[in-house]
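Now for the letters of each chain:
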Amino acid sequence: GAEAVPFWGVWDWVSAPALVAGDQAFAVTLQGVAGFSMWDEWRLIVKRNGVCETLGTGHAVLPDMLFGRGTNVTIPDQALAPDEYLICYNLGFGWFTVTRSLLVDGGAWLELSPVVPVHLSAFAMTIHGVHLTAGDKYGIIKSEAGCDSLGAGGDSVAALLTGGPDWYEVAVASVTLEADDYNVCYNLNGGGWRIVEQNMTVNGPNDWRYSPADPANNVMLRSIVLGHNLSVADMYEFAPAGPEGCTNVTGWDVFPWMLASDNGGAYN
């Protein structure tokens, strides 16, 4: 037989606009049979982060949100990050989940392997998102620049896109970056850049300072290595400059020391 319609509470909802993109203003109208009042509460929560039934307090239903003699409630002026959301409602006797999820389109969250990228070591990156398309782009930029600095740049996701019909993945097999903080950005079908992951840190050294500024033979050199999340477990060494770089170094040092150069030359 036909699905029963509850006598009391919410039985469906509609959004305006019908398709919602990340950070786009929209409204949700909850449709019921009877019983909505300004003593009710509502919340929108990310589905993967919790359930409605365990919520504490929520947002009040204001008088101007009620329509149709208590059969409709309109939640106005929402703007959410891309993800899948539960619509939660409390009629005064406990929280419950309103029928289907609310999907907000765009790149939602980032998965890294390994979880902590390291300076100039390749890592894999997967962007998970809602209703992604082959016309989208992704980009990585240093945090101080911001995603909008990518402009018309970025890389196409067309050859990397899998999944559907709601959730998709953009799997980038190999990324190599210097140690620094980065924003991972996503552009949904030309609609503009937004941040998927802010301040993604790539660990390791990325610069150094030394004095005197013009080292000479047999003169003590004081050096400071700069980087992200350096630790006492790290090691360092100076090696004569050349095409091998640091790949053939065998005598790594653990503790800080002052270098006395016996021979002139450049060092890695």
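Cut-offs applied
Residues numbered from 1 in each chain as written. Predicted model: local features only at pLDDT ≥ 70, side-chain atom pairs only at ≥ 80, totals over all residues. Heavy atoms only, no water. Patch = residues over 30% accessible without salt bridge, like charges linked within 9 Å, V, L, I, M, F, W, Y side chains within 5 Å. Areas by Shrake-Rupley, 256 points an atom, 1.4 Å probe, with all protein chains shown as cover. Salt bridge = Lys/Arg side-chain N within 4 Å of Asp/Glu carboxyl O. Helix = DSSP H or I, 4+ residues; strand = E, 2+ residues; numbered from the N terminus. Buried < 20%, exposed > 50% of the residue type's maximum accessible area, 1.4 Å probe, protein only. Core = buried A, V, L, I, M, F, W, Y, C linked by side-chain atoms within 4.5 Å. Pairing = 2+ DSSP bridges.

### Things to note about a nonpolar patch on the surface
Piece 1. Among the surface-exposed residues, Trp208, Tyr210, Val225 and Leu230 lie close enough to one another that they form a single nonpolar patch of about 350 Å² accessible area.
Piece 2. Position of Val225 relative to the elements: it lies in strand β19 (residues 220-228).
Piece 3. Exposure remark for Val225: the relative accessible area of 45% places this residue in the partly exposed category.

### Topic: the nonpolar core
Piece 1. Within the largest apolar cluster, 22 residues are counted, with the highest numbers of intra-cluster contacts made by Leu30, Ile87, Tyr89 and Leu102.
Piece 2. Where this core is concerned, the elements lending two or more residues are β1 (10-16), β3 (26-32), β4 (41-46), β7 (72-78), β8 (83-90) and β10 (102-113).
Piece 3. Counting residues in each nonpolar core, the second largest holds 19 residues, with Leu110, Phe123, Val157 and Tyr186 among its members.

### Quick word on the sheet that holds β7
Piece 1. The sheet built from four strands is open, its strands ordered β1-β3-β7-β6 with antiparallel pairing. Each edge of the open sheet carries a strand with a single partner, namely β1 and β6 (66-67).
Piece 2. The sheet contact formed by β6 and β7 spans two bridges and is antiparallel. By the bridge assignment, Phe67 is partnered in β7 with Asn72.

Such coordinate-based values are descriptive only and should not be taken to indicate function.
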